[in-house]
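Chain by chain, the residues:
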Amino acid sequence: PMFTPFHLRELALANRIVVSPMCQYSAEDGMPNDFHLVHLGSRAIGGAGLVFTEMTDVAPDARITPGCAGIWSDAHASAWKRIVDFVHRESDAKIGMQIGHAGRKGATKVLWEGYDEPVPDEQSWELVAPSPLAYSEAKKNQVPREMTRADMDRVRDQFVAATERAERAGFDLIELHMAHGYLLSTFLSPLT
């Protein structure tokens, strides 16, 4: 069954092999680059039915790390379009974008510089979350600012704009990230 087609509503996948979102921490200012082209393109050429981008952030302050990918500007969408076009032209794969917001888990170093370690203050950005609880007190992660109604509206609008950009870039599927203690999942947790 792994190599049989699969349908998600109108989206037809050539097979049931899906490359899940994997943080790569290889973007600068959120901009996808040749690394992302090769990473996603090679999996598509390799025969996967569907490849996903890493969690792609809806705003600069939505990033987990300084190396996270984004789609908060039209320039980001253009860079992603290059990758989407390659996947569509060179393979039978479909490509999906996972969009998200790190919330209280943001402003941390890239994985190989220290797992969940906060970036130095001069490289940091303000974090927002449903409540003012740091991700880790032991690691001295930043205490996020509790979101106001205006913050919630702003973030909602960032998700809408990111979705519209992803659609214009030609993605076949858009997935909303609501796990791992990032912003949206923390609204659902009794702990946060």
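Figured I'd write up the structure that's included with this text. The shown structure was predicted, so the numbers you read here are calculated from the model rather than taken from an experiment.

1. Concerning the overall build of the protein chain
Along the backbone of the protein chain there are four helices and eight strands. Over its C-alpha trace the protein chain gives a radius of gyration of 17 Å, about what one expects of a compact globule, namely 16 Å for 192 residues. With respect to the three principal axes, the spread of C-alpha positions in the protein chain is 45 × 35 × 30 Å. In the protein chain, buried positions account for 47% of the 192 residues. Contacts spanning at least 24 positions in sequence make up 65% of the contacts within the protein chain whose residues lie at least 6 apart. Total accessible area on the protein chain stands at roughly 9,700 Å², and carbon and sulfur atoms take up 55% of it. Taken together, the 19 basic and 26 acidic charged side chains of the protein chain have centroids lying 3 Å from each other.

2. Re the sheet that holds strand β4 (residues 50-57)
Across the sheet, which stays open at both edges, the four strands sit in the order β3-β4-β5-β8 with parallel pairing between neighbours. Each of the sheet's edge strands pairs with one partner strand only, and the pair in question is β3 (18-19) and β8 (173-176). Two elements, strand β5 (residues 94-100) and β8, share four bridges in a ladder whose sense is parallel. When the bridges of β8 are listed, Gln98 appears paired with Glu175. Each of β3, β4 and β5 touches helix α1 (residues 34-45); the most contacted strand, β4, lies at about 155° to it.

3. Description of the pairing of β5
In terms of burial, β5 is a largely internal element, six of the seven residues being buried. Inspection of the sheet shows β4 paired to β5 by six bridges, in the parallel sense. What sits directly across from Val51, in β5, is Ile95. In this fold, β4 hands off to helix α2 (residues 74-90), which returns the chain to β5; that crossover is right-handed.

4. Focus: the nonpolar core
Core analysis: the largest hydrophobic core is formed by 30 residues, its most contacted members being Val58, Ile71, Trp80, Ile95, Met97 and Phe171. Leave out the neighbours within four places in its chain, and Ile71 touches Thr56, Asp57, His76, Ala77, Trp80, Met97, Ile99, Ala162, Arg165 and Ala166. If you look at the next biggest cluster of nonpolar residues, it comprises seven residues, including Met55, Cys68, Val110 and Tyr182.

5. Considering the packing of aromatic side chains
Within the structure shown, the criterion is met by two aromatic pairs. With centroids separated by 6.1 Å and ring planes inclined at 70°, the aromatic side chains of Tyr25 and Trp112 adopt a geometry described as edge-to-face. On the criterion of sequence distance, the pair formed by Tyr25 in the loop between β3 and α1 and Trp112 in the loop between β5 and β6 (128-129) is long-range, its members being 87 residues apart. Assessed through its relative accessible area of 60%, Trp112 is described here as exposed.

6. Here we look at α2
With 17 residues, α2 should reach 24 Å at 1.5 Å per residue; the first-to-last C-alpha distance of 24 Å fits that figure. Residues of α2 that are buried make contact with α1, β4, β5 and α3 (149-169). Two to three positions downstream of the cap, the backbone nitrogen of Ala75 sits 3.3 Å from a side-chain oxygen, assigning the N-cap of α2 to Ser73.

7. Here we look at α1
In this model, α1 (12 residues) spans 16 Å end to end at C-alpha, consistent with the 16 Å of a helix rising 1.5 Å per residue. Within α1, the full set of buried residues consists of His36, Leu37, His39, Leu40, Gly41 and Ala44. Buried residues in α1 make contact with β4, α2 and β5. With a side-chain oxygen lying 2.8 Å from the backbone nitrogen of Phe35, the N-terminal cap of α1 falls on Asn33. Looking at the residues trailing α1, positive phi occurs at Gly47, about 110°.

8. A short note on the packing of α2 against α3
Here α2 crosses α3 at 35°, and the two axes come no closer than 8 Å. Crossing of α2 over α3 shows right-handed handedness. Together, Asp74, Ala77, Trp80, Lys81 and Val84 of α2 and Arg165, Arg168 and Ala169 of α3 make up the contact between the two elements.

9. Focus on the pattern of salt bridges
Under the counting rule described, the total for this entry stands at 13 salt bridges. Where Asp74 meets Arg165, a salt bridge forms, and the shortest distance between an N and an O atom there is 3.2 Å. Taken as a pair, Asp74 in helix α2 and Arg165 in helix α3 lie far apart in primary sequence, 91 residues in all. For Arg165, a relative accessible area of 15% puts it in the buried group. Salt bridges sharing partners connect three or more residues here, namely Asp61, Glu126, Arg145, Asp151 and Arg154.

The rules behind the values
Residues numbered from 1 in each chain as written. Predicted model: local features only at pLDDT ≥ 70, side-chain atom pairs only at ≥ 80, totals over all residues. Heavy atoms only, no water. Helix = DSSP H or I, 4+ residues; strand = E, 2+ residues; numbered from the N terminus. Rg over C-alpha atoms; globule rule 2.2 N^0.38 Å. Buried < 20%, exposed > 50% of the residue type's maximum accessible area, 1.4 Å probe, protein only. Contact = heavy atoms within 4.5 Å. Areas by Shrake-Rupley, 256 points an atom, 1.4 Å probe, with all protein chains shown as cover. Lys, Arg positive; Asp, Glu negative; His and termini not counted. Charge placed at Lys NZ, Arg CZ, Asp CG, Glu CD. Pairing = 2+ DSSP bridges. Axes fitted to C-alpha atoms, helices over the stretch in contact; angles between N-to-C directions. Right-handed = clockwise from strand over helix to strand, strands pointing away. Core = buried A, V, L, I, M, F, W, Y, C linked by side-chain atoms within 4.5 Å. Phe/Tyr/Trp six-rings, centres within 6.5 Å; stacked < 30°, edge-to-face > 60°. Expected span 1.5 Å × (residues − 1). Polar contact = N/O pair within 3.5 Å; in protein donor to acceptor, adjacent residues only side chain to side chain. Left-handed = near helix turned anticlockwise from the far one by under 90°. Salt bridge = Lys/Arg side-chain N within 4 Å of Asp/Glu carboxyl O.

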